[in-house]
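So you can see what is in the structure, the chains are spelled out below.
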Amino acid sequence: MSVPPDLARFVHEALKRGQSREAIHDSLLAAGWTETEAAQALAGWTDTLTEAGPVPRPLRSSAAKDAFFYALLFVAFGMVAGNALTLLFGWINVQLPDRNSVPVYAAGTLRWSLAALIVFTPAFWLLDRADARAARADSARGHGAIRRWLSSLAMLIAVVTLMGDALYLIYTFLNGQITARFLAKSATVALIFVMVLAYFRQDRVGRATALPTLMGGAPVTVAVLSAALAFPIMGGPERGQMEQRDRSRIADLRTLTQDVLLCLEIDHETLPETLDPMSCARNPQRLTGFAAGIAYHRISDTAFELCTEIEFPPAIQPYGLTLTERTACMRQQTE
């Protein structure tokens, strides 16, 4: 922590006038300076007096180190709060479905948020604990300019977000579009950013109290709760492997459907009763092994469909497809 210029100047003048270090130290504490600030200000000057006054000692600034630490702490906090909010939104979407919108399977997004929480929640906890210990040992730590600026910025973002949330809530109410899902999401946003305000507000009232322990634990609690609620929705690694295999199957299905359509238009006047779709593949090296399981079905003289078995239907995007239980089909007309 660097010594403020006015404090350094006061100590210099007091030492120059011959005041003892003890008297200067007591005067600084009485004026509201912390023990650390008073000690550091006095440590900046030697006992050697010259005509110009006491000789200053070299003091190394820790501003770069503090900037790195607090920037990392605040980034970790933001990642925890933002990704917890994403997981809670995903859980709300499942628990309170909107009948007026098309369901969207968003497990991939939720998995990214869960992965981010697994990385950043322990990092935030360790950084916050380190900061709390340092604040208890040095009450001047909370007065650092870098920390206070970043805290003020975070509080500004939180206040603007809360005001925007309230504004949109009122607008939606006046527009007659209030739903249970909307209210749940608005309340979740409000709670998350009230937590942000509470966490960074403590920097304005002091870190050397019992408050940091409670406020530092709140983001971790929210992260664990949101992960526990969202995990059943996204499933584990086995579900992810199923979805990946299904994506490969659907990609092969779409590719082969276009290849078969072109093949039939060139080589056949009417659609054949049976056909091996792989015989029409123009770039078989770009297909996966799942392409061999795609089946051809003749519907009429001018219509056919290709079908493949899938493992997890809820994750399939139905655009251009017909889903029946665990079968996905794509229909085409030759005329």
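A short tour of the structure in this document, coming up. Everything numeric in this text was worked out from a predicted model, so none of it was measured.

Conventions used here
- Residues numbered from 1 in each chain as written.
- Predicted model: local features only at pLDDT ≥ 70, side-chain atom pairs only at ≥ 80, totals over all residues.
- Heavy atoms only, no water.
- Pairing = 2+ DSSP bridges.
- Helix = DSSP H or I, 4+ residues; strand = E, 2+ residues; numbered from the N terminus.
- Disulfide = S-S within 2.5 Å.
- Buried < 20%, exposed > 50% of the residue type's maximum accessible area, 1.4 Å probe, protein only.
- Phe/Tyr/Trp six-rings, centres within 6.5 Å; stacked < 30°, edge-to-face > 60°.
- Lys NZ or Arg CZ within 6 Å of the ring centre and 35° of its normal.
- Arc of directions from axis to C-beta.
- Salt bridge = Lys/Arg side-chain N within 4 Å of Asp/Glu carboxyl O.

### Details of the pairing of strand S3 (residues 295-298)
Sheet topology places S3 next to strand S4 (residues 303-309); four bridges connect them, and they run antiparallel. Across the sheet, residue tyrosine 296 finds its bridge partner in S4, namely leucine 306. Between S3 and S4, which follow one another and run antiparallel, lie four residues.

### Section: the state of the cysteines
In this structure the tally under the stated criterion is one disulfide. There is a disulfide in this structure between cysteine 307 and cysteine 329, and the S-S distance comes to 2.0 Å. Judged by the sign of its S-S torsion, about 110°, the cystine formed by cysteine 307 and cysteine 329 is right-handed. Residue cysteine 307 is located in strand S4, and its partner cysteine 329 is located in strand S6 (residues 327-333); the two are separated by 22 residues in the primary sequence. For the pair shown, cysteine 307 and cysteine 329 are each scored as buried.

### A few points about the pairing of S4
In terms of burial, S4 is largely enclosed, as six of its seven residues are buried. Relative to S6, S4 is paired through seven bridges, and the arrangement is antiparallel. For glutamate 309, the partnering residue across the bridge sits in S6 and is threonine 327.

### What about the packing of aromatic side chains?
For the coordinates displayed, the defined rule picks out 11 aromatic pairs. Here the aromatic rings of tyrosine 70 and phenylalanine 74 are separated by 6.3 Å at their centres, their planes lie at 35°, and the arrangement is tilted. In this pair, tyrosine 70 and phenylalanine 74 both sit in helix H4 (residues 63-95), four residues apart, roughly one turn of the helix. No difference in accessibility class separates tyrosine 70 from phenylalanine 74, as the two residues are buried. One aromatic cluster in this structure is built from Phe69, Tyr70, Phe74, Phe77, Phe124, Tyr199 and Phe200. Its end group placed over the ring of tryptophan 125, arginine 129 keeps NZ or CZ at 4.8 Å from the ring centre.

### With respect to helix H2 (residues 21-30)
Among the residues of H2, those classed as buried are Ile24, His25 and Leu28. End-on, the buried residues of H2 take up no more than an arc of 100°, which puts them together on one face. Summarising the geometry of H2, the exposed residues directed more than 90 degrees from the buried face are Glu22 and Ala30. Following H2 by one or two positions, glycine 32 has its phi on the positive side, about 110°.

### Description of unusual backbone geometry
In this structure, glutamate 325 takes a positive phi of about 50° despite not being glycine. Examined against the element boundaries, glutamate 325 turns out to sit in the loop between strand S5 (322-324) and S6.

### Re the pattern of salt bridges
Under the defined criterion, the tally for this structure stands at nine salt bridges. Of the charged contacts in the structure, one is a salt bridge between glutamate 311 and arginine 249, with a shortest N-O distance of 3.0 Å. Taken together, the positions of glutamate 311 in the loop between S4 and S5 and arginine 249 in helix H9 (residues 237-267) put the pair 62 residues apart, joining distant regions of the chain. Notably, a salt bridge pairs aspartate 301 with arginine 298, separated by 2.1 Å at the nearest N-O pair. Judged by relative accessible area, arginine 298 falls into the partly exposed class, the value being 25%. In the salt-bridge network here, residues are joined through shared partners; they are Arg245, Asp246, Arg249 and Glu311.

The values are spatial; any link to function lies outside them.
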